[in-house]
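Listed below, chain by chain, are the residues.
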Amino acid sequence: MNKTVFITLLFFAALAVNAQITLPNFFADHMVLQRNTPCKIWGETKPNQKISCEFMGKTYISKSDKNGNWEFDLGVYQAGGPYQMTFTCENKIKKLNDIYFGEVWIASGQSNMALSIKEGILNKDEEIKNAQFNKIRIFVVKDSFPFLPKNNLSSNLSWQIVNPDLAADLPSTPYFFARELYQKYKIPIGIVSAAVGGTYIYAWMGRSAFLDMPNEMEKIKRNTELYGSSLNIMQAYQGALQDWIKTIDIVDPGMKKAENAWQNENYDDQNWDTISAGVGLQVKPQLKNFKGLVWFRKSFNIETVDEKQKFLLSLGKIDDFDITYVNGKQVGFNNGNRTYRKYEIDANILHKGKNTIAIRVVDYGNVGGLIGEKDSLFLQTSKQNITSLSGTWKYKETKLQAGRDFSGDPVHPNCTYHPTVLYNGMIAPLKKLGVKGVIWYQGEANEEEAFIYRKLLQNLIKSWRLQWGKEIPFLITQLANFRKECQIPEIDSKWAMLRESQQKASFLPNVFITTAIDIGNPDDIHPGNKQEVGKRFAKLAFKYVYKDSNLLADFYYKTLKIEGSVVKIDFFEKDLPIKNKDKYGNVTGFALAGEDKIFYWAQGKILNNQIIITSNKVEKPVSVRYAWCDNPGSLSIVNSADIPLMPFRNDEW
């Protein structure tokens, strides 16, 4: 090629790159922008360049700064559309089409917010068939979990116009919420869906949420320092991990003598204690509040070994970090008490006859060790040959040395539970986007921290509001009923405590809560009636955000009086009738206890819009609890809008 032609081509290629107009990927065709609030549009090009925006007959002029960033404030608009935006910089033009102004809501949380219509939703075929709403648009944010806040979402996504061709994959709860809003107000509705299944609330909280949580803040600082400037994150992780493991090796007596190390297949473990594996998260008294190192060993027999194939070792979930050996050879390691351990084993590691598994576990506190269910512990040597590894294991503890803490392991770059990571990748990029509010459905993953969840959720809300610079409305749903229906009053229900923590968040201004306590599934953590969840979110919005005060959205008790053996309960909706859905008139879900703190089911009736309850086993009631179970079963008391009474208690036992 001629040298002059080559240089000319390079020049024009560089010019095209430098003049590129880049927008955050939620600014795209079919987008919905928030009405009645200042509309800001921003992006990037090369530094110090004039850029123009034509919109609704006006031309707006801006200039990129030294880093190439630019921004327009297009003013305030009422609901309407479709509109077009045209951006021009040098000889580059970018157009956005089919733009509407309406209501923009963020939908966030874990799997019950992310669950698509095709995934077990009631009447899913009919719902998909009838999903034809040109003015409902949904933007599904791709999972992203960086260690530092991002300015843009992780990939080129698009706004989806709701229609039967794509409805099957739309997130169900956000869609049903949007449908209720649209059918009432007949204005465009935009949903930004940012939800990831199985995620802890810590990952959704902004950095400011941890200012009063020094342990979590230390994790954030440690890992941002490790990964923030790294060009090869995986390489940085592997190096830091090996350094951390060495700190454990130094103090682990199981590694002191190589010839007699505890992972060796011939090590004599006959004096070790025994423990049962394969019973899930049931509390094991031996390791109930363990913190430190613990080794597990188990022997098993194999009749034949096929040298042409690999074998699968499944150990279920382990709390928290494991290094696993088979016949003295390391076969894998992993971290996180929600992660299933599945390790491939080469045939040359196993041999006919006796084989031994040794697992070194680092536990950071609470229940530790092998916490998987029975069917998750096995060795598979072929499709037909599966050896169960549940049952009795040998174990030996290694207590922490004074002042030593092993919880400082580096977080895996693909971790979705580390503090701030989902916020950084999926919420922070939206910081200047005009939004009406947030709907939030999360908490199942945090059941082991049910009490402190009240602080976590309130801190999350504050950190998001700090980002937007205002008290955007937060609408929350309590966890649905789940697991086997309780036959006797539960005292220490984790889900009941977490529901209470969710309700405590509503003490913050502009935070409102509804419940799904009556529409769950005892056998499925993902109940199918997401239509009703969407409706209840919408009822909260109608009443508290859009000020349609005649629309009931929630149902709380206000006061209770104990008069001898009788408890009288009043409600905030004093002038509106409460109802009993039980055809026999039974009032269900209430339990009473005296000073002995032993609860018994209570009987009750509705009288003059009060609930009157008693128990023939409690002469002098002190405490009243309602729906205080993971699954309280059928609940009969509802308000005039058929919203069930919120779970509550008047004690702090």
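Presented here is a report on the structure given in the accompanying data block. (Residues numbered from 1 in each chain as written. Predicted model: local features only at pLDDT ≥ 70, side-chain atom pairs only at ≥ 80, totals over all residues. Heavy atoms only, no water.)

1. Notes on the state of the cysteines
Going through the model one piece at a time under the given rule, you end up with one disulfide. Covalently, Cys486 is tied to Cys629 through a disulfide, its sulfur atoms 2.4 Å apart. With the S-S dihedral at roughly 75 degrees, the linkage between Cys486 and Cys629 falls on the right-handed side. On the criterion of sequence distance, the pair formed by Cys486 in the loop between β23 (474-477) and α9 (494-504) and Cys629 in the loop between β32 (623-626) and β33 (637-638) is long-range, its members being 143 residues apart. (Disulfide = S-S within 2.5 Å. Helix = DSSP H or I, 4+ residues; strand = E, 2+ residues; numbered from the N terminus.)

2. Details of the packing of helix α8 (residues 453-468) against α9
At a minimum axis distance of 8 Å, the contact between α8 and α9 shows a crossing angle of 35 degrees. As for how α8 packs across α9, the hand of that crossing is right-handed. Every residue of α9 that contacts α8 at Tyr453, Arg454, Leu457 and Gln458 is listed here: Met497, Leu498, Glu500, Ser501, Gln502 and Lys504. In terms of residue class, the contact of α8 with α9 is made up of four nonpolar, three polar and three charged. (Axes fitted to C-alpha atoms, helices over the stretch in contact; angles between N-to-C directions. Left-handed = near helix turned anticlockwise from the far one by under 90°. Contact = heavy atoms within 4.5 Å. Nonpolar A, V, L, I, M, F, W, Y, C, P; charged D, E, K, R; others polar.)

3. Things to note about unusual backbone geometry
Pro82 follows Gly81 through a cis peptide bond whose omega is 0 degrees. Its location among the elements puts Pro82 in strand β6 (residues 80-89). In this structure, Asp320 follows Asp319 across a cis peptide bond, with omega equal to 10 degrees. If you trace the backbone, Asp320 turns up in the loop between β13 (311-319) and β14 (321-326). Of note, the phi angle at His30 is positive, near 75 degrees, even though the residue is not glycine. In this fold, His30 is placed in the loop between α1 (3-18) and β1 (32-34).

4. Details of the sheet that holds strand β29 (residues 599-601)
Strand order in this open sheet of four strands is β29-β28-β32-β34, and the pairing throughout is antiparallel. With partners counted over all chains shown, the strands left at the sheet margins are β29 and β34 (648-649), one partner each. Sheet topology note: the strand β28 (residues 590-593)/β29 ladder contains three bridges and is antiparallel. The residue of β29 that forms the bridge with Ala591 is Trp601. (Pairing = 2+ DSSP bridges.)

5. Details of the pairing of strand β19 (residues 377-380)
It is a general feature of regular strands that their side chains alternate between the two faces of the sheet. Sheet topology note: the β13/β19 ladder contains four bridges and is antiparallel. Counted as the bridge partner of Ser314 is Phe378 from β19. Sheet topology places β19 next to strand β20 (residues 386-388); three bridges connect them, and they run antiparallel. From the neighbouring strand, Gln380 faces β20, where its bridge partner is Ile386.

6. Remarks on the pairing of strand β10 (residues 189-195)
Counting buried residues in β10 gives seven out of seven residues, a clear majority hidden from the surface. Neither face of β10 is exposed, since Ile189, Ile191, Ser193 and Ala195 on one face and Gly190, Val192 and Ala194 on the opposite face are all buried. Sheet topology places strand β7 (residues 92-109) next to β10; seven bridges connect them, and they run parallel. When the bridges of β10 are listed, Ser108 appears paired with Ala194. (Buried < 20%, exposed > 50% of the residue type's maximum accessible area, 1.4 Å probe, protein only.)

7. Notes on the sheet that holds strand β26 (residues 566-571)
Ordered by their spatial adjacency, four strands build an open sheet running β25-β26-β31-β30, and the pairing between neighbours is antiparallel. Of all the strands in the sheet, the pair left with one neighbour each is β25 (557-563) and β30 (603-607). When the angles between neighbouring strand axes are averaged without regard to direction, this sheet yields 20 degrees.

8. A word on the pattern of salt bridges
As enumerated under the stated definition, the model contains 28 salt bridges in all. Among the ionic pairs, Lys455 bridges to Asp212, the shortest N-O distance being 3.6 Å. Within this pair, whereas Lys455 is found in helix α8, its partner Asp212 is found in the loop between β10 and α5 (214-227), the two being separated by 243 residues in sequence. Relative accessible area serves as the criterion here: at 35%, Lys455 is assigned to the partly exposed category. In this structure Asp212 comes out as partly exposed when scored by relative accessible area, which is 43%. Close ionic contact of Glu216 with Lys219 constitutes a salt bridge, the shortest N to O distance being 3.6 Å. (Salt bridge = Lys/Arg side-chain N within 4 Å of Asp/Glu carboxyl O.)

9. Topic: the packing of aromatic side chains
In total, this model carries 42 aromatic pairs according to the counting rule given. With a centroid separation of 5.2 Å and an interplanar angle of 85 degrees, the aromatic rings of Trp105 and Phe177 are classed as edge-to-face. One end of the pair, Trp105, is in strand β7; the other, Phe177, is in helix α4 (residues 172-185), with 72 residues separating them in the sequence. Comparing Trp105 with Phe177, the two get one shared label, buried. Residue placement shows Lys184 over the ring face of Phe542; its charged tip is 5.5 Å from the ring centre. (Phe/Tyr/Trp six-rings, centres within 6.5 Å; stacked < 30°, edge-to-face > 60°. Lys NZ or Arg CZ within 6 Å of the ring centre and 35° of its normal.)

These results come straight from atomic positions and should not be treated as a statement about function.
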